[in-house]
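One letter stands for each residue in the lines below.
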Amino acid sequence: MRIPVGVSATKTWTVTRELTIARVDERLPAVLATPMMIYLMEIAAAEAIQPYLPEGWISVGISVAVRHLAATPVGMAVTARAEVVAVDERSVTFSVEAYDEREKIGEGTHVRAPIELARFLHRLAMKTPPETT
């Protein structure tokens, strides 16, 4: 792969109730849910390498090792940053971080695998159960 080490991207969201854990369980506080923080990190990583992938290729997440360090309330902006730290024949490893408007809220590593979309969709169709009427 011709993805350079050091390539990075950032992605920013404003926390809405839909992105909080309270959306799933009203007993919990309305703060950014850990899976949503990880999703934002994954989007930043995917966007960082997409320009280096061949036409018809995308990347999919295959590994996440992230710590959620601090809570972020509704209304606050969160920015995730992903930087390529290693590239091998089948995967790209990123250092990922997330910050809200006050502090670092997450950090870790994320690995993505570049794949040919048409091949992926074909394999997925082979796995999809037939519809029952």
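Scroll up to find the structure.
Everything in this summary refers to the structure shown in the same document. What you are looking at is a predicted structure, and each value in this text was computed from that prediction instead of being measured. (Residues numbered from 1 in each chain as written. Predicted model: local features only at pLDDT ≥ 70, side-chain atom pairs only at ≥ 80, totals over all residues. Heavy atoms only, no water.)

1. Considerations on the layout of surface pockets
Approximately 320 Å³ is the volume found for the largest pocket. What lines the largest pocket is simply W57, V60, P114, I115, E116, R119, F120, R123, L124 and K127. Counting residues per element, the ones that place at least two in the lining of the largest pocket are β2 (57–68), β5 (104–116) and α2 (117–127). For the lining of the largest pocket, the element with the most residues is α2, which contributes five residues. Here the lining of the largest pocket is composed, by residue class, of six nonpolar, no polar and four charged. (1 Å grid on protein atoms, 1.4 Å probe; cavity = no way out; pocket = protein on both sides within 12 Å on 5 of 7 lines; lining within 4 Å. Points joined across faces, edges and corners; volume = space filled by probe spheres on them. Helix = DSSP H or I, 4+ residues; strand = E, 2+ residues; numbered from the N terminus. Nonpolar A, V, L, I, M, F, W, Y, C, P; charged D, E, K, R; others polar.)

2. Looking at the nonpolar core
Ranked by size, the top nonpolar core spans 26 residues in total, and within it L32, V78, V84, F94 and I105 carry the most contacts. Counting residues per element, the ones that place at least two in this core are β1 (8–14), α1 (34–49), β3 (77–87) and β4 (92–100). Per element, the largest residue contribution to this core is eight residues, and it comes from α1. Apart from residues lying up to four places away in sequence, V84 is in contact with I3, P4, V5, G6, V7, I49, V92, T93 and F94. (Core = buried A, V, L, I, M, F, W, Y, C linked by side-chain atoms within 4.5 Å. Buried < 20%, exposed > 50% of the residue type's maximum accessible area, 1.4 Å probe, protein only. Contact = heavy atoms within 4.5 Å.)

3. Considering α1
Counted at 1.5 Å a residue, the expected span for α1 with its 16 residues is 22 Å, and the 23 Å between its end C-alpha atoms agrees. Among all positions of α1, only M37, I38, L40, M41, I43, A44, A45, A46, A48 and I49 are buried. Elements in contact with the buried residues of α1: β1, β2, β3, β4 and β5. (Expected span 1.5 Å × (residues − 1).)

4. A word on the sheet that holds β3
Taken together, the five strands give an open sheet; going across it, the order is β1-β3-β4-β5-β2, and neighbouring strands pair in antiparallel fashion. Single-partner strands in this sheet number two, and they are β1 and β2. Taken pair by pair, the neighbouring strands of this sheet meet at an average axis angle of 25°, ignoring direction. Sheet topology note: the β1/β3 ladder contains seven bridges and is antiparallel. Bridge assignment links T12 to a residue of β3, and that residue is T79. Against the sheet, α1 touches β1, β2, β3, β4 and β5, its axis set at about 140° to β1. (Pairing = 2+ DSSP bridges. Axes fitted to C-alpha atoms, helices over the stretch in contact; angles between N-to-C directions.)

5. Digging into the packing of aromatic side chains
Aromatic rings considered in pairs are described by the distance between their centres and by the relative angle of their planes. Across all of its chains, the model carries one aromatic pair by this definition. Ring centres of W13 and Y39 lie 5.7 Å apart, and the angle between their planes is 50°; this geometry places the pair in the tilted category. A residue pair is termed long-range when its members are at least 10 positions apart, and W13 in strand β1 and Y39 in helix α1 qualify at 26 residues. Overall, Y39 belongs to the partly exposed group, its relative accessible area being 43%. (Phe/Tyr/Trp six-rings, centres within 6.5 Å; stacked < 30°, edge-to-face > 60°.)

6. Structural notes on the pattern of salt bridges
This structure, assessed with the given rule, holds eight salt bridges. Notably, a salt bridge pairs E26 with R17, separated by 2.7 Å at the nearest N-O pair. The structure contains a network of salt bridges with shared partners spanning E97, K104 and E107. (Salt bridge = Lys/Arg side-chain N within 4 Å of Asp/Glu carboxyl O.)

The analysis is restricted to geometry; functional conclusions fall outside its scope.
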